[in-house]
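Topology and contacts: notes
Take a look at the letters that make up each chain.
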Amino acid sequence: MKTALLDGITPAKIDQQIMANLLLNIASADEVRQEKLLIGIRNEAGQIYRLIGAAKANNYTNAVEELEDLGMVDELTDTDGTEEGCDAIFSGG
């Protein structure tokens, strides 16, 4: 899986835990957006600051489970389709 910080947006306080729990390769935001499934991570101000891209559904599912284990909530759980280009958007934690 690939990840990128979005320029000029402050990471969430939990970001180091996210990086420690998920096996992510640092890439450019453009590279991450090319992956099949995208996860957005919001900071405390409600801005998406990190994108995580997964090429395979099982990688995506594993990432979602890890984020939930950190106490984060997917705001798109009851939504069909994408929002802000993401298949899931997590916040909190």
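To start, this report covers the structure provided alongside it. Keep in mind it's a predicted model, so treat the numbers as computed, not measured.

Where burial is concerned, most of strand S3 (residues 37-42) is hidden: 6 out of the 6 residues are buried. Burial of S3 is two-sided: the residues Leu37, Ile39 and Ile41 facing one way and the residues Leu38, Gly40 and Arg42 facing the other way are all buried. Pairing of S3 with strand S4 (residues 48-54) involves 6 bridges; the strand directions are antiparallel. From the neighbouring strand, Leu37 faces S4, where its bridge partner is Ala54.

For the rest of this paragraph, the subject is the sheet that holds strand S1 (residues 2-5). What the 6 strands build is an open sheet, ordered S2-S1-S4-S3-S6-S5; its pairing is mixed. Taken across any chain shown, the strands that pair with only one partner, and hence form the sheet edges, are strand S2 (25-26) and strand S5 (73-74). Of the strand pairs in this sheet, S1 and S2 are connected by 2 bridges, and their pairing is parallel. Within the sheet, the bridge partner assigned to Lys2 lies in S2 and is Asn25. Docked against the sheet, helix H3 (residues 57-69) engages S3, S4 and strand S6 (88-91), running at close to 20° with respect to S3.

Conventions we followed
Residues numbered from 1 in each chain as written. Predicted model: local features only at pLDDT ≥ 70, side-chain atom pairs only at ≥ 80, totals over all residues. Heavy atoms only, no water. Buried < 20%, exposed > 50% of the residue type's maximum accessible area, 1.4 Å probe, protein only. Helix = DSSP H or I, 4+ residues; strand = E, 2+ residues; numbered from the N terminus. Pairing = 2+ DSSP bridges. Contact = heavy atoms within 4.5 Å. Axes fitted to C-alpha atoms, helices over the stretch in contact; angles between N-to-C directions.

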